[in-house]
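# Close look at the chain arrangement
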Amino acid sequence: MARLPVDELRIIEGFGPHLSRMSGLRLSTSAEPERLVKTHCCFCGQQCGIQLKVRDNQVIGFEPWEEFPFNRGMLCPKGVKRYLQAAHPDRLTTALRRDPAAPHGFSPLGYEDAVAAVAGRIEQIQRTHGNQAVAVLGGASLTTEKTYLLGKFARVCLKTPYIDYNGRLCMVSAGAANKKAFGIDRTTNPWSDMVGTDVIWVAGSNVAECSPITTNYLWQAREQGARIIVQDPRITPAARTCDLYLPVKPGRDAALFAGVLQGMIEHDWLDRAFIEGFTSGFDQVAEYCRQWTPQRTAQVTGVPERSIRLAAEWWGTAKTSFLFHARGIEHHSNGVQNALGTINLVLASGRIGKPKSGYGTIVGQGNGQGGREHGQKADQLPGWRDISNPEHRKYIAGVWGIDEKDLPGPGVDAYELFRKVDAGEIKALLSICFNPKVSLPDSTFITRCLEKLEFYAAIDFFLNDTARHADVVLPGSLQEEDEGTVTQVECRVIKINKAVECPGDARQDWRIVQDIAGALGRPHGFTFNGPREIFDELRIASKGGVADYSGVTYEKIERQMGVFWPCYSEDPETGQPIDHPGTPRLFERGSYNPVARGNGPFYFPDGKARFNVAEYRPPVDDADEEYPIYLTTGRVVSQFLSGTQTRRIGPLVDQYPEPRVELHPRLADTLGIEDGAWTTVETRRGAITVRAMVVTTIRPDTVFIPYHWPGQKSPNRLTVAAQDPISKIPQYKVCGCRVRRADGPPEYAALLESQQ
Ligand SMILES: Nc1nc2c(c(=O)[nH]1)N[C@H]1C(S)=C(S)[C@@H](COP(=O)(O)OP(=O)(O)OC[C@H]3O[C@@H](n4cnc5c(=O)[nH]c(N)nc54)[C@H](O)[C@@H]3O)O[C@H]1N2
Ligand SMILES: Nc1nc2c(c(=O)[nH]1)N[C@H]1C(S)=C(S)[C@@H](COP(=O)(O)OP(=O)(O)OC[C@H]3O[C@@H](n4cnc5c(=O)[nH]c(N)nc54)[C@H](O)[C@@H]3O)O[C@H]1N2
Ligand code: SF4
Ligand SMILES: [Mo]
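Let us look at the structure shown here. Starting from 1, residues in each chain are numbered consecutively following that chain's sequence as written. The lettering of chains begins at A and the numbering of ligands begins at 1, in the order of writing. Local features are withheld for residues below a pLDDT of 70 in this predicted model, meaning they are given only at 70 or higher, and side-chain atom pairs are given and counted only at 80 or more; totals for whole chains, interfaces and linings count all residues. Side-chain figures throughout are based on the complete set of non-hydrogen atoms in the structure, without hydrogens or water.

## Quick word on the state of the cysteines
Any two cysteine sulfur atoms within 2.5 Å of one another count as a disulfide. Counted according to the given criterion, the structure contains zero disulfides. The cysteine Cys242 is free of any disulfide, with Cys210 supplying the nearest cysteine sulfur at 16 Å. For Cys242, a relative accessible area of 16% puts it in the buried group. Partly exposed residues are those whose accessible area sits between 20% and 50% of the maximum for their type, while under 20% is buried and over 50% is exposed, using a 1.4 Å probe and protein chains only.

## A word on the site of ligand 2
Neighbouring ligand 2 are 30 residues; Ser439, Asp460, Ser642, Tyr707 and Asn716 lie closest to it. Separating a nitrogen atom of ligand 2 from a side-chain N or O atom of Thr633 is a distance of 2.9 Å. Contact distances for ligand 2 include 3.1 Å between an oxygen atom and a side-chain N or O atom of Arg635. Note that accessible areas follow from Shrake-Rupley with a 1.4 Å probe, and for residues the cover is restricted to the protein chains shown. Across the complex, the protein chains shield 98% of the 920 Å² of accessible surface that ligand 2 would expose by itself. Secondary structure counts use DSSP, requiring at least four H or I residues in a row for a helix and at least two E residues in a row for a strand, with both numbered from the N terminus. Of all the secondary structure elements, the ones that give two or more residues to the shell around ligand 2 are β17 (455–460) and β23 (629–634). By the convention adopted, Pro, Cys, Tyr, Trp, Phe, Met, Ile, Leu, Val and Ala count as nonpolar, Lys, Arg, Asp and Glu as charged, and the other residues, Gly among them, as polar. Considered class by class, the residues forming the shell around ligand 2 number eleven nonpolar, 15 polar and four charged. In this structure, the shell around ligand 2 is formed jointly by two domains, domain 1 (95–167 + 400–482 + 503–526) and domain 3 (629–755), each of which donates at least three residues. When at least one non-hydrogen atom of a residue lies within 4 Å of a molecule or strand, that residue is treated as near it. The definition of a polar contact used here is a pair of N or O atoms within 3.5 Å, where within protein one atom must be able to donate a hydrogen and the other to accept one, and adjacent residues in sequence count solely through side-chain atom pairs. Where each domain starts and ends comes from a domain assignment, either automatic or drawn from a database.

## Structural notes on helix α21 (residues 509–519)
Residues separated by three or four positions in an α-helix point in the same direction, a consequence of the helix having 3.6 residues per turn. All buried positions along α21 are accounted for by Asp509, Trp510, Ile512, Val513, Gln514, Ile516 and Ala517. Considering only its buried residues, α21 is in contact with α4 (111–129), α5 (144–157), β16 (428–432), β17, β18 (472–475) and α22 (531–542). Trailing α21 by a residue or two, Gly521 shows a phi angle of about 75°, which is positive. Only heavy atoms enter the contact rule, under which two residues are in contact if any of them lie within 4.5 Å.

## Topic: the nonpolar core
A general tendency of soluble globular proteins is for nonpolar side chains to be buried together. Among the buried residues, those of types Ala, Val, Leu, Ile, Met, Phe, Trp, Tyr and Cys that are joined through side-chain atoms within 4.5 Å form a nonpolar core. Grouped together as the largest cluster of nonpolar side chains are 119 residues, with contacts concentrated most on Phe182, Trp201 and Leu474. Of all the elements, helix α10 (residues 253–266) adds the most residues to this core, at nine residues. Shared between two domains, this core takes at least three residues from each, and those domains are domain 1 (95–167 + 400–482 + 503–526) and domain 2 (172–361). Among residues more than four places away in sequence, those in contact with Phe182 are Ile343, Leu347, Ile352, Tyr359, Phe587, Phe602, Tyr603, Phe604 and Ala609.

## Focus: the packing of α10 against helix α14 (residues 305–317)
Running from amino to carboxyl end, α10 crosses α14 at an angle of 60°, the nearest separation of the two axes being 8 Å. Viewed along their axes, α10 and α14 adopt a mutual orientation that is oblique. Considering the relative orientation of α10 and α14, their crossing is right-handed. Residues Leu256, Gly259, Val260, Gly263 and Met264 of α10 pack against Ile308, Ala311, Ala312, Trp315 and Gly316 of α14. Split by residue class, the contact of α10 with α14 holds seven nonpolar, three polar and no charged. A fitted line through C-alpha atoms serves as each axis, taken over the contacting stretch for helices, and the angle formed by two N-to-C directions is quoted from 0 to 180°. Throughout this description, any angle smaller than 35 degrees is read as roughly parallel, any larger than 145 degrees as roughly antiparallel, any in the 65 to 115 degree range as roughly perpendicular, and the remainder as oblique. Here a crossing is taken to be left-handed if its near helix is turned anticlockwise relative to the far helix by less than a right angle, and right-handed if that turn runs clockwise.

## Some details on unusual backbone geometry
Omega for the bond connecting Trp565 with Pro566 falls within 30 degrees of zero, at -5°, which places this linkage in the cis form. As for its position among the elements, Pro566 is in the loop between β21 (563–564) and β22 (609–610). Notably, Asp621 is not glycine yet its phi reads approximately 60°, a positive angle. Here Asp621 is to be found in the loop between β22 and β23. Backbone geometry at Lys728 places phi at a positive 70°, although glycine is not the residue there. Mapped onto the elements, Lys728 comes out in the loop between β27 (702–706) and β28 (735–741).

## What to know about the site of ligand 3
With respect to spatial proximity, the complete set of residues near ligand 3 consists of Cys41, Phe43, Cys44, Gln46, Gln47, Cys48, Leu75, Cys76, Lys78, Gly79, Pro212 and Ile213. Secondary structure elements with two or more residues in the shell around ligand 3: α3 (77–81) and α8 (212–223). Split by residue class, the shell around ligand 3 holds eight nonpolar, three polar and one charged.

## Comments concerning the pairing of strand β4 (residues 95–98)
Here β4 runs beside strand β5 (residues 106–109); their pairing, made up of four bridges, is antiparallel. Following the sheet pairing, Arg97 is matched in β5 by Ser107. Strands qualify as paired when DSSP identifies two bridges or more between them. The pairing of β4 with β18 spans two bridges and is classified as antiparallel. What sits directly across from Leu96, in β18, is Val473.

## Let's talk about the pairing of strand β8 (residues 199–203)
Taken across its five residues, β8 has five buried, putting it largely inside the fold. Along β8, one buried face is formed by Val199, Trp201 and Ala203 and the opposite face, lined by Ile200 and Val202, is buried too. With five bridges connecting them, β8 and strand β9 (residues 227–231) associate as parallel partners. Note on β9: the bridge partner recorded for Val202 is Val230.

## Brief notes about the packing of α10 against helix α12 (residues 282–289)
It is the contact of α10 with α12, at a shortest axis distance of 9 Å, that shows an interaxial angle of 105°. Considered as vectors, α10 and α12 are oriented roughly perpendicular to each other. Contacts between α10 and α12 pair Ala258, Leu261, Gln262 and Ile265 from the former with Phe282, Val285, Ala286, Tyr288 and Cys289 from the latter. For the contact of α10 with α12, a count of residues per class yields eight nonpolar, one polar and no charged.

Shape descriptors only; they carry no functional weight alone.
So, in structure tokens, the structure goes:
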């Protein structure tokens, strides 16, 4: 089937603020609800507890859920307005098929016909080109049950190794570093442990806008005397009131961590007993750090020498501490090294796995944690098992009732998967809960690949910008239309509860996946009657793995308001069934772990954590004479990811309607750009024109653009597709760019004006 170019302008038009406001108008929020459903916000990894007000099979509002221990009734602007999206007229209620003659490029299709069409094309392409010609992309906003089913579907039903997910753009650097250092990929403490600690270090995270509830813990800790250190090229809202701000140049974090550790080593601000008793590899790290004198570190990172010394002193001499990082240090071609640099600071201080002392990476997506544990990653099987490990393969093949040799091996990361589309190796794609055209770097390349596919089917509740390239779109479920579990930022497994039925022909995502398996004539293993049955199989599949969920049940989650994994179903010593409450704090002395078996707290056979040399490498596509300014990208509080959902919620659109480029007054003056002026930002991949936002809260050598918009407003037309060699995360957080005053408004602005 020939690919049709997608009209970018039409896409932008479809997302105008006027449309979004309609969602509010259609709801009568003053009506009395018929019931309240305790569940969680559908957006970020904080997964705040919320009660949805339901009437006439519609979510009409919300009430705080005061008892839920994590957020105690608090919500950020997105949580408050989330209920507005369901009533948006763009909600997909029928399947669609590509139809160039139709006004919007698609015409409706009956659900059964759509499923048959998807199965028919997949079958035909696999018969002609082999099983590997078909790929699957998943997402970490899906419940854990769905991600488990999807991993199984790709390997057992489609028999393809090619499955990956959008968490590849998010959590994988942190995950890889955690696995290398601790043998387990999990934040170590519940957030309540933060209150009462001496020092909190936040590296590369805009907590106030991106993990708002975490900020509240930060404030509480500060009220009780904690000093806050923030490391960011921008003076983020949290940095404005912190005790020590480290204005690192984009892409230089590993150097900064090495410099701080060197300061601690010089003054012997180390926990020698912990280093000797519970870790290995310190000497090599100390050797590497020797070159990172305060002078050199300051020169490379742009952080003043005195701040580096102060950071070493505060961190080195604290009695209790927390270190958190997020995508600011992870979205780099050096992302794993950056994360390992933070871990080295934590291990050198010995402050981990204790009350008031811990380490964590702030999870991004709603199920950023659970979504990376149970098998939708290219290299992984449920329970954090490794798809290349013969024992792990055998166990999972047993659970799935297949022969181990029929289980495909490791696939490739999400970006590489598109390179395989470009090379003609992958011909068909099924995607769910992923919007790669907006979210992957160098998106002009992604658009080209989408047009090369012989067949593309997408499952979503909105026609996202990628799905506009699909041949068939299947109408999936909103979070409130299904039940299932997710694992939030503290690693607490929680339960999403169903509030309403899917409208029209929309179906719960897991049903759609199973219906495709059925239509392919391969239903074996895909006849679950609901999420609870899927979860029961997942519990068995995860049993004995590092991410052991075998003792988690829906009832226990409700009773305890969440269960921290690992949660065992049997006493690890005796093999007798037990009612294990879960593990809120990791690495406590004496706590069981299946790998060390009594040798120590960390998840390696010797029970010791690993120091890793965290080497600084300059970014790929760094600023240079031709492109002299650093471009970095990220988020604003009122928009979420590719914006597919939040750009359809009127009040959030009003709060931040268009992307703007943040730049410092000094840079703006040099370039002759005033606040609000149309400004063109150009990199080696392309150029976009957005309005300037002149702010004193950014380094003068750096500009920042939030990435929540498609088409001509998308900074991913500028970003570089360089990836970390271990985690394969893209380097979203830095590349060289040049900035100039635009010749005039961009095409999209003219179009919007002409409509008003
Ligand atoms: N409002 C909102 N909240 C969200 C999301 C959203 O889209 N909107 N998304 C969720 C998801 S999936 C994620 S992953 C998280 C992301 O949460 P964060 O990682 O906190 O958010 P980002 O804006 O991507 O980047 C964080 C910070 O990194 C800084 N930064 C840029 N380059 C560097 C660098 O080289 N070094 C250092 N140290 N810092 C740097 C930026 O200035 C920015 O302030 O947020 C989650 N929460
Ligand atoms: N330049 C730049 N690019 C970035 C980043 C950055 O900082 N800078 N951050 C990266 C990060 S951290 C992330 S996490 C990615 C996010 O990457 P994306 O994959 O673009 O994330 P979403 O916008 O959530 O898109 C997911 C799609 O899934 C749909 N969806 C949500 N929930 C469900 C569900 O339950 N069922 C179904 N069927 N569909 C669902 C939504 O409608 C949406 O269309 O973007 C990355 N891209
Ligand atoms: S902090 Fe995250 S989970 Fe909580 S209300 Fe805001 S978007 Fe939702
Ligand atoms: Mo993310």
